[in-house]
Amino acid sequence: MLKKAALLSMDSLENFFTYDKLLIEPMKQFGWLAEEVSWRNKNINWGDYDAVIVRSTWDYQHDSEKFVEVLNKINSLTHLENDLELMKWNMNKKYLFDLEKKGVKIVTTLWENKFDRAKALSYFETLDSEEIIIKPNISASADNTFRLNKNKLVSSFDKLENIFADREFMVQPFIKNIISEGEYSLFFFNGKLSHSVRKIPKENDFRVQEEHGGDIQPITAPEKVVVVAESIIKQLSTTPLYLRVDLVRVENDRFALMELELIEPSLYLNKDKEAPLRFVKAFLEKMG
């Protein structure tokens, strides 16, 4: 009898690029019946599944408390991947602050609790940058992410005050290398490097996601980049089934961590034909 796995998703994936379906056939080959299930589906008995794997839950940031409630319930009834505590830690981008304290090089970041227009213009001087990025601490798919120069910042005061009235946010310098060289994403399954891509925004944009027109190129990651990624993974409390490390080249030819994605990263399983099978084998290892 086949075991059952839920690939946790959302109500509608319209206008999103998702490749989780590529896992269904290799899962079946190893005796697992996998299906995509929305985390918002109230009619599901999570105990009917032998495992639940969080995948394309790209709307959780709009209802993060409810999302955690659902994860807690799933975790009490069946096997959940990734580890619940690890995902809860990863939900708020303050995890970058925690990693920086452990010696991880991150993009220089200012952490704010509430938008204050009287203070906002000082960000440019503090970060020594002509352009800045402002985004919420809890976010996905580049929602409410802004690339601003001084003029755009001033003209956006009302909007930013509205969005970040009671919402933690982060401010970073805009890294021009993201436009020219792109962002490196490395995918690790159960601690082992599976594949890598380089993400470059479309012309006149800064967002690298496919949904925003980003160009995703499969690459063999430079050894230096792999070493940095592996050193970051060693800082985690437990080895997750899957993770994505997003790195960008900064000053002095160093690589800084943009994001460490442990909840719902696109794994770009379509960019390496062996990646779905590697994922399934890593899952089987985790399941023992």
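Higher on the page you've got the structure.
Caption draft 1: View of helix α2 (residues 64-77). A rise of 1.5 Å per residue sets the reference length of α2, with its 14 residues, at 20 Å; its end C-alpha atoms lie 20 Å apart and thus fit the reference within 8%. Turning to α2, its buried residues number three or more, namely Ser-64, Phe-67, Val-68, Val-70, Leu-71 and Ile-74. One side of α2 holds all its buried residues, which, seen down the axis, span an arc of 160°. Exposed positions of α2 whose direction lies more than 90 degrees from the buried face are Glu-65 and Ser-76. As for α2, its buried residues are in contact with β1 (3-9), β3 (51-54), β4 (79-81) and α3 (84-91).

Caption draft 2: Seen up close, the packing of aromatic side chains. Summed over the entire model, instances satisfying the criterion amount to 13 aromatic pairs. An angle of 40° between the planes, with centres 5.4 Å apart, marks the rings of Phe-16 and Trp-58 as tilted. Placement of Phe-16 in the loop between β1 and α1 (24-29) and of Trp-58 in the loop between β3 and α2 is noted, with a sequence separation of 42 residues between them. The partly exposed category is assigned to Phe-16, whose relative accessible area is 26%. Measuring from centroid to centroid gives 5.2 Å for Phe-189 and Phe-279, while their planes differ by 85°, and the two rings are edge-to-face. A residue pair is termed long-range when its members are at least 10 positions apart, and Phe-189 in strand β9 (residues 183-189) and Phe-279 in helix α11 (residues 275-287) qualify at 90 residues. For Phe-189, a relative accessible area of 3% corresponds to the buried category. Taken together, the aromatic side chains of Phe-115, Phe-157, Phe-164 and Phe-169 make up a single cluster linked through ring pairs. In this arrangement the basic side chain of Lys-4 is found over the ring face of Tyr-49, its NZ or CZ atom lying 4.8 Å from the centre.

Caption draft 3: Here's a closer look at the nonpolar core. Ranked by size, the top nonpolar core spans 42 residues in total, and within it Met-27, Trp-46 and Val-54 carry the most contacts. Counting residues per element, the ones that place at least two in this core are β1, β2 (32-38), β3, α2, α3, β9 and α11. Of all hydrophobic cores here, the second largest spans 24 residues; its members include Tyr-95, Tyr-184, Ile-233 and Leu-260.

Caption draft 4: Representation of the environment of Phe-174. Position of Phe-174 among the secondary structure elements: in the loop between β8 (169-173) and α9 (177-180). Along the chain, Phe-174 and Thr-108 lie 66 residues apart, while their C-alpha atoms are 10.0 Å from each other.

Caption draft 5: Examining unusual backbone geometry more closely. Here the residue pair Glu-81 and Asn-82 is connected by a cis peptide bond, since its omega of 0° sits within 30 degrees of zero. Position of Asn-82 among the secondary structure elements: in the loop between β4 and α3. In the Ramachandran plot, Asp-128 falls in the positive-phi region, its phi being about 50° despite a non-glycine side chain. Within the element layout of this structure, Asp-128 appears in the loop between α6 (122-127) and β6 (132-136). Under the relative-accessibility criterion, Asp-128 is labelled exposed at 71%. At Asp-253, a residue that is not glycine, the phi angle is positive and equals roughly 60°. Tracing the sequence through the fold places Asp-253 in the loop between β12 (242-249) and β13 (255-261). Residue classification places Asp-253 among the partly exposed residues on the basis of a relative accessible area of 39%.

Caption draft 6: Looking closely at the packing of α2 against α3. Running from amino to carboxyl end, α2 crosses α3 at an angle of 170°, the nearest separation of the two axes being 11 Å. On the basis of the axis angle, α2 is roughly antiparallel to α3. Judged by residue contacts, Ser-64, Phe-67, Val-68, Leu-71, Asn-72 and Asn-75 of α2 engage Leu-84, Met-87, Lys-88 and Met-91 from α3. Among the residues forming the contact of α2 with α3, the class breakdown is six nonpolar, three polar and one charged.

Caption draft 7: Just the pairing of β8, in detail. In terms of residue burial, β8 counts as a mostly covered element, since five of its five residues are buried. Where strand β5 (residues 110-112) lies against β8, three bridges are found, and the strand directions are antiparallel. Within β8, the residue paired with Leu-110 across the bridge is Val-171. By the bridge criterion, five bridges tie β6 to β8 in an arrangement that is antiparallel. Of the residues in β8, the one forming a bridge with Ile-132 is Pro-173.

Here is what the cut-offs are and how they apply
Residues numbered from 1 in each chain as written. Predicted model: local features only at pLDDT ≥ 70, side-chain atom pairs only at ≥ 80, totals over all residues. Heavy atoms only, no water. Helix = DSSP H or I, 4+ residues; strand = E, 2+ residues; numbered from the N terminus. Expected span 1.5 Å × (residues − 1). Buried < 20%, exposed > 50% of the residue type's maximum accessible area, 1.4 Å probe, protein only. Arc of directions from axis to C-beta. Contact = heavy atoms within 4.5 Å. Phe/Tyr/Trp six-rings, centres within 6.5 Å; stacked < 30°, edge-to-face > 60°. Lys NZ or Arg CZ within 6 Å of the ring centre and 35° of its normal. Core = buried A, V, L, I, M, F, W, Y, C linked by side-chain atoms within 4.5 Å. Axes fitted to C-alpha atoms, helices over the stretch in contact; angles between N-to-C directions. Parallel < 35°, antiparallel > 145°, perpendicular 65-115°, else oblique. Nonpolar A, V, L, I, M, F, W, Y, C, P; charged D, E, K, R; others polar. Pairing = 2+ DSSP bridges.

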